[in-house]
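# Survey of secondary and tertiary structure
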Amino acid sequence: MVTIFLILVTAMLLLLSYYIFERDFFSPTFLLCTGYLISFLLTAYGMSEWGVYLGLMTMSIFLTGIISFFAGEGFIRQAVRKRKIPDELPVINEIKIGKLKYILCTAACAAVLYLTYREVLRIANLNFAEWGNLTYNYKINVVNSDLDDSSVSTLVQQANKVTKGCAYVFMYIFINNLFALKKHSNMKKLKNCTNLVPCVLFVAQTLLKGGRYPVISLIMGGVFLYYYFWKKTVGRHSDVPFKTIVKIILAAFGIVFVFWASRELVGRMASDTDILGYVTKYLGGGAVLFELLLRDASMVHDAYHETFAGLVTSFNKLGITNILIRSSHEFRSANGVYIGNAYSAIRNYFHDFGIMGVVVMDFLLASIFGSVYYKLKRRPLVKKNKSFLLILYASLIYVIFFQFFTDYFFARLSVGYFIEVFIMWLIYFFVLKTRLRFRKSTGRKLRRNR
């Protein structure tokens, strides 16, 4: 009954967010509630197998977090409500970048992919016999502290950020040109697809290292950018057509299927062979794991810090602090069934600060994302030379939807992440705000676009 009530209240909050926040499918609260609703439905499906049922405490903490997030976006919306939203429909111009810029960026991404492959191969310590085995051995060895030189080199780690930055910048160019070239020839539209090459190289790099969520976040970022441009071109009062909603749902099922089918490709040697059982553990295990945590009194509020683990790690390395952190959450099983270690972001907040931490952190998260989203939403279409905030937001949109899984925002804040954002800005500046010119007398010049 507790789980059913949790599902019903979450569904009600989802509907309320849709109508209160201007029938917007990408409002932060709508995304958050959608993610939690899917997770709770899968929790209900898997509970009988796991033999764990949610208690009132777990339900209350999760609903407190969701409602606090709802209130955070509501506060921001109220604060910006008086700002006039432009009604005129903009003209979207094609973004043209020079061939040299494209070649340099694509070559850089290809070079990083090759270097990553060499590192993965070195750490896996085997020949390229089967991709799944290569990636599996790499993932096992890279966390094995007993092995010498089993971590990826610093150079390759930083270079990987170049590929990610290129992927999001060129995804933005691709989506922009989709709308700009609607009435142009098919040849021009086909040429626009070359902007997806850095995205493909980023996907290959991610899969090579055994990751999948960065790929899903790139897809979500692309969908958000498409939605952003579509809303700007049809007007803010236009609703998404029902056929489009059906296509998005079918595409989501397709992504889930690919996620399941790629488990061995990325080194996940799971025993689950059925898609529903596999996906249920990933997407529906958070609430059950949190329930098990509450029953383990020794760990509910132990000394390890979790919420700002990235920042604390950075400060510890710099010698500023010496605080205990938990590098990863503990894995748990129930009724002889392995569930995992993804407890949702709420675990971090509750572990470190109690129930008030859940209220404050979720309200703060909604305020941060709400401020950026309403700024983008209530201003005219951003031009290419002022589009970095839009690109950065697109790269982070997955954070809200996947809060039911883990915290991809506060826990990731670190010196390394700030370097990643800076590298993305450099790529954005180079590709969209400068131009390369050749002159016989002076050679190459780098000029900034006005």
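Residues numbered from 1 in each chain as written. Predicted model: local features only at pLDDT ≥ 70, side-chain atom pairs only at ≥ 80, totals over all residues. Heavy atoms only, no water.

### Re the overall build of the protein
Looking only at helices and strands, the protein features 18 helices and four strands. Radius of gyration (C-alpha) of the protein: 23 Å, near the 22 Å computed for a compact globule of 450 residues. For the C-alpha atoms alone, the extent of the protein along its principal axes is close to 75 × 60 × 45 Å. Expressed as a percentage of its 450 residues, the buried residues of the protein come to 51%. Relative to all contacts within the protein whose residues are 6 or more apart in sequence, the contacts with residues 24 or more apart total 75%. For the protein, the exposed area adds up to about 22200 Å²; of that, 65% sits on carbon and sulfur atoms. (Helix = DSSP H or I, 4+ residues; strand = E, 2+ residues; numbered from the N terminus. Rg over C-alpha atoms; globule rule 2.2 N^0.38 Å. Buried < 20%, exposed > 50% of the residue type's maximum accessible area, 1.4 Å probe, protein only. Contact = heavy atoms within 4.5 Å. Areas by Shrake-Rupley, 256 points an atom, 1.4 Å probe, with all protein chains shown as cover.)

### Regarding the environment of Leu318
For Leu318, the position within the fold is in helix α14 (residues 309-318). Through-space distance from the C-alpha of Leu318 to that of Val156 is 21 Å; in sequence the pair is 162 residues apart.

### Concerning the packing of helix α12 (residues 286-295) against helix α15 (residues 345-377)
Put simply, α12 and α15 touch, their axes get as near as 10 Å, and they point 20° apart. Accordingly, the angle class assigned to the pair α12 and α15 is roughly parallel. In the packing of α12 onto α15, the handedness of the crossing is right-handed. Where α12 approaches α15, its residues Phe290, Leu293 and Leu294 are matched on the opposing element by Ile346, Arg347 and Phe350. Here the residues of the contact of α12 with α15 sort into five nonpolar, no polar and one charged. (Axes fitted to C-alpha atoms, helices over the stretch in contact; angles between N-to-C directions. Parallel < 35°, antiparallel > 145°, perpendicular 65-115°, else oblique. Left-handed = near helix turned anticlockwise from the far one by under 90°. Nonpolar A, V, L, I, M, F, W, Y, C, P; charged D, E, K, R; others polar.)

### What about helix α9 (residues 213-234)?
For α9, which comprises 22 residues, the first-to-last C-alpha distance of 31 Å matches the rise-based estimate of 32 Å (1.5 Å per residue) to within 8%. Just downstream of α9, Gly235 is the residue with a positive phi angle, here 105°. (Expected span 1.5 Å × (residues − 1).)

### Looking at the packing of helix α16 (residues 388-396) against helix α18 (residues 415-432)
Packing of α16 against α18 leaves a shortest axis separation of 11 Å and a crossing angle of 135°. Taken together, α16 and α18 sit at an angle that is classed as oblique. Of the two elements, α16 crosses α18, and the hand of that crossing is right-handed. In this structure, α16 contributes Phe388, Ile391, Leu392, Ser395 and Leu396 to the contact, and α18 contributes Tyr417, Val421, Met424, Trp425, Tyr428 and Leu432. Tallied by class, the residues present in the contact of α16 with α18 amount to 10 nonpolar, one polar and no charged.

### Considerations on the packing of aromatic side chains
Counted by the stated rule, this structure contains 41 aromatic pairs. When the centroid spacing of 6.0 Å and the interplanar angle of 55° are considered together, the rings of Tyr18 and Phe30 count as tilted. Separated by 12 residues along the polypeptide, Tyr18 in helix α1 (residues 2-20) and Phe30 in helix α2 (residues 28-50) bring together distant segments of the chain. The residues Tyr18 and Phe30 share a single accessibility class, namely buried. (Phe/Tyr/Trp six-rings, centres within 6.5 Å; stacked < 30°, edge-to-face > 60°.)

### Some thoughts on the pattern of salt bridges
Any two side chains of opposite charge can pair, so long as their charged atoms come close to each other. Enumeration over the complete set of coordinates arrives at 15 salt bridges. The structure contains a network of salt bridges with shared partners spanning Asp296, Glu306, Arg326, Glu330, Arg332 and Arg347. (Salt bridge = Lys/Arg side-chain N within 4 Å of Asp/Glu carboxyl O.)

### Focus on a nonpolar patch on the surface
A grouping of Tyr45, Phe257, Val258, Ile275 and Leu276 is seen on the molecular surface, where their side chains present a nonpolar patch of about 460 Å² in accessible area. Listing elements by their share of the nonpolar patch, those giving two or more residues are α10 (242-261) and α11 (275-284). (Patch = residues over 30% accessible without salt bridge, like charges linked within 9 Å, V, L, I, M, F, W, Y side chains within 5 Å.)

### A word on the nonpolar core
Within the largest apolar cluster, 130 residues are counted, with the highest numbers of intra-cluster contacts made by Tyr172, Tyr213, Phe224, Phe402 and Leu432. With 13 residues, helix α6 (residues 154-180) is the largest single contributor of residues to this core. (Core = buried A, V, L, I, M, F, W, Y, C linked by side-chain atoms within 4.5 Å.)

### Looking at the pairing of strand β2 (residues 337-340)
Bridge count between strand β1 (residues 332-334) and β2: three bridges; the pairing is antiparallel. For Arg332, the partnering residue across the bridge sits in β2 and is Gly340. Turn length for the β1-β2 hairpin, with the two strands adjacent in sequence and antiparallel, is two residues, and the turn residue Asn335 shows positive phi of about 55°. (Pairing = 2+ DSSP bridges.)

### Considerations on the environment of Tyr417
Residue placement: Tyr417 occurs in helix α18. It is 28 Å that separates the C-alpha atoms of Tyr417 and Thr194, two residues lying 223 residues apart in sequence. Setting aside residues up to four positions removed in sequence, Tyr417 forms contacts with Leu392, Leu396 and Arg412.

### Examining α1
One turn of an α-helix holds 3.6 residues; hence residues three or four places apart share an orientation. For α1, which comprises 19 residues, the first-to-last C-alpha distance of 26 Å matches the rise-based estimate of 27 Å (1.5 Å per residue) to within 8%. Of the surrounding elements, those touching the buried residues of α1 are α2 and α3 (56-80). After α1 finishes, the residue Glu22 shows a positive phi value of roughly 65°.

### Some thoughts on the confidence of the model for the protein
In low-pLDDT regions, the fine details of the predicted coordinates are not to be read closely. Per-residue confidence for the protein gives a mean pLDDT of 87; residues scoring 70 or more make up 90%. The secondary structure element of the protein with the lowest average pLDDT is strand β4 (residues 443-448), at 53, and the one with the highest is α16, at 96. (pLDDT = per-residue confidence, 0-100.)

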